[in-house]
Amino acid sequence: MRKQKSAAKSALIVMAILTCFLLIALLVCYLSTASYYAEHFFPGTVLNGVPVDKMTVEEAEDKVAQEVADYIFSIETRDGDKYQIIGPDIDYTYVPGTEIQDILDLQDEYQWISERDSKNEVDLEVSASYNAQKLDKQVAQLPCFQKDYIQKPKDAYLRETEKGYELVKAEQGNQIRLADVQKLAREAVDLGRDHLELTDEVYEEPKVKSNDKKLKKALKNINSYLHTTIQYDVGEKGETLDSAKIKEWLTIGADYSVTLDESKVAGYVQYLASKYNTYGDVRVFKTSLGDKVKIGGGDYGWVIDKEKEKAQLLSEISSGKTIKREPVFNQTAEVKSETYDIGDTYVEVDYTNQHMYFYENGKLKLETDVVTGNVSRNNGSPDGVYKIVYKERDATLVGENYASDVNYFMVFAYNVGFHDASWRTDFGREIYKASGSHGCINMPGNMAEKLYKILPTGTPVIAYYREPVELTAENARISNAYSYVKKEES
């Protein structure tokens, strides 16, 4: 029994001694490993993407220096083009400092057991040097800065088309400001970055962009002009003012201001007047005898009021609407025609045959012999195309050497008109050549009365000679007689 207890006790002592030796061995192993990691990085340590497991500071510096030697700096354009600049081309080299030693110093070597399976990635600002001038040169040599690559930006502008104007959008192009990129590249390399992405800030931009307010306003103003159409009810076929003509009147300034050339507007109104005014025009008239005579002068016909028409046109031309109207007339005629505007209701006076006719809607309503102005005394009646200006009952006609009372007076030219002539018993033939009137158209009393009752004011009057005459009287001048001849000064 005593021997068994002694053996057990001996075994316990041996076990205790062995355990002690084991613990001492483990402690020595732990401390020696800790001592190792006092000078080496833990497993899983990564500096700037470079694994430095179990490396000393010197070894880690060599590894980082090797990675720095392989430095590649890339630049990416807005269009996705990528370019690379390698470290040797800019003398990029690692400059050792205390940063790697500082990281190791922060490492607790006694935590090597818990840290052995962990991963520790550190973004480290390492010091490197490079040649800034070489970097600038490398940037300048990139394809995106070469002439055959560069597309300069284009301003938005207004382009004339067949129908008017359209907005041509601006083009960004790809022109990069070299100095800006060189500066950004230096800043990126200084920070140890390996990538630079170019943004709009370094690109040349169009000075006038597609959303430019002035440009859009100009286009709106132009369209307001060019969408305007004036359909004139004038002449036989009418006249249309549309964008093709209005476009010629517009001026677009360098600041995109839109102005209308009023002189061209006035020129267009003059064109209308020249084409459609018939005042004093020579017309071919078919007489009651069936032949044709040419007769002009007088005051009958269409007359456009140019000032008022211009003013109205200027007020309408930017409306952008289709407007149908007549020109502004200050005098009208019976028929809308540039060639024959008399119509089929008119008075015809054949001075040569001393006969007059009144037609209503193409039907002869009255005709009679008359006595007209005494041509031998320079009182020939004015010829031309006129209109009945007014009618008057019981008038007294006063001249230099006469005063005549008449019952019916129908004026068509300056103080010249149709009236009854109670002092005459004969009419027609060639009485007018020696014993004619002072210029008026003398009619038998009953015929003057009938005419007065059926003749509307404004009715055209066509009065003509069949042979050449020279009218020099004042009433011929004032009434724009066709055969008026200015007197020679004595």
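Moving on, we get to the packing of aromatic side chains. Inspection of the entire model under this criterion finds 13 aromatic pairs. Measuring from ring centre to ring centre gives 6.4 Å for Tyr-30 and Tyr-110, while their planes differ by 35°; the resulting arrangement is tilted. Of this pair, Tyr-30 sits in helix H1 (residues 2-37) while Tyr-110 sits in the loop between helix H3 (99-105) and helix H4 (112-115), and the two are 80 residues apart along the sequence. In this structure Tyr-110 comes out as partly exposed when scored by relative accessible area, which is 45%. Each member of the aromatic cluster is reached from another via a ring pair, and the members are Phe-285, Tyr-346, Tyr-357, Tyr-359 and Tyr-464. Its guanidinium or amino end placed over the ring of Tyr-203, Arg-78 lies 3.8 Å from that ring's centre, counting from NZ or CZ.

Turning to the pattern of salt bridges, a few remarks are in order. Tallied over the full model, the rule gives 22 salt bridges. Here Glu-474 and Arg-477 are joined by a salt bridge, their closest N and O atoms 2.5 Å apart. Taken as a pair, Glu-474 and Arg-477 lie in helix H13 (residues 474-478) at a separation of three residues, close to a single helical turn. Judged by relative accessible area, Glu-474 falls into the partly exposed class, the value being 44%.

Right, let's get into the sheet that holds strand E25 (residues 403-413). With mixed pairing, the four strands of this open sheet are ordered in space as E24-E25-E26-E27. In the strand order of this sheet, the two ends are held by strand E24 (390-398) and strand E27 (441-443), each with one partner. Neighbour to neighbour, the strand axes of the sheet diverge by 35° on average, direction disregarded. Note: E25 against strand E26 (residues 416-420), four bridges, orientation antiparallel. Bridge pairing links Met-410 to Phe-418 in E26.

Strand pairing in a sheet relies on backbone hydrogen bonds. The paired strands run either parallel or antiparallel. Taken in spatial order, the three strands of this open sheet run E4-E3-E10, and their pairing is mixed. Each edge of the sheet is formed by a strand with only one pairing partner; in this case those strands are strand E4 (82-86) and strand E10 (195-197). Along the sheet, successive strands turn relative to each other by an average axial angle of 15°, direction set aside. Where strand E3 (residues 72-76) and E10 come together, three bridges link them in parallel fashion. By the bridge assignment for E10, Ile-75 is matched with Leu-196. Packing against the sheet, helix H6 (residues 178-190) makes contact with E3 and E10, and its axis sits at approximately 140° to E3.

Running from N to C, helix H5 (residues 132-140) and H6 cross one another at 130°; their axes reach a closest spacing of 10 Å. Between H5 and H6, the interaxial angle falls into the category oblique. In this structure, H5 crosses over H6, and the sense of that crossing is right-handed. Contacts between H5 and H6 pair Ala-132, Leu-135, Asp-136, Val-139 and Ala-140 from the former with Leu-178, Val-181, Gln-182, Ala-185, Arg-186 and Val-189 from the latter. Residues that form the contact of H5 with H6 fall into these classes: eight nonpolar, one polar and two charged.

The rules behind each value
Residues numbered from 1 in each chain as written. Predicted model: local features only at pLDDT ≥ 70, side-chain atom pairs only at ≥ 80, totals over all residues. Heavy atoms only, no water. Phe/Tyr/Trp six-rings, centres within 6.5 Å; stacked < 30°, edge-to-face > 60°. Helix = DSSP H or I, 4+ residues; strand = E, 2+ residues; numbered from the N terminus. Buried < 20%, exposed > 50% of the residue type's maximum accessible area, 1.4 Å probe, protein only. Lys NZ or Arg CZ within 6 Å of the ring centre and 35° of its normal. Salt bridge = Lys/Arg side-chain N within 4 Å of Asp/Glu carboxyl O. Pairing = 2+ DSSP bridges. Axes fitted to C-alpha atoms, helices over the stretch in contact; angles between N-to-C directions. Contact = heavy atoms within 4.5 Å. Parallel < 35°, antiparallel > 145°, perpendicular 65-115°, else oblique. Left-handed = near helix turned anticlockwise from the far one by under 90°. Nonpolar A, V, L, I, M, F, W, Y, C, P; charged D, E, K, R; others polar.

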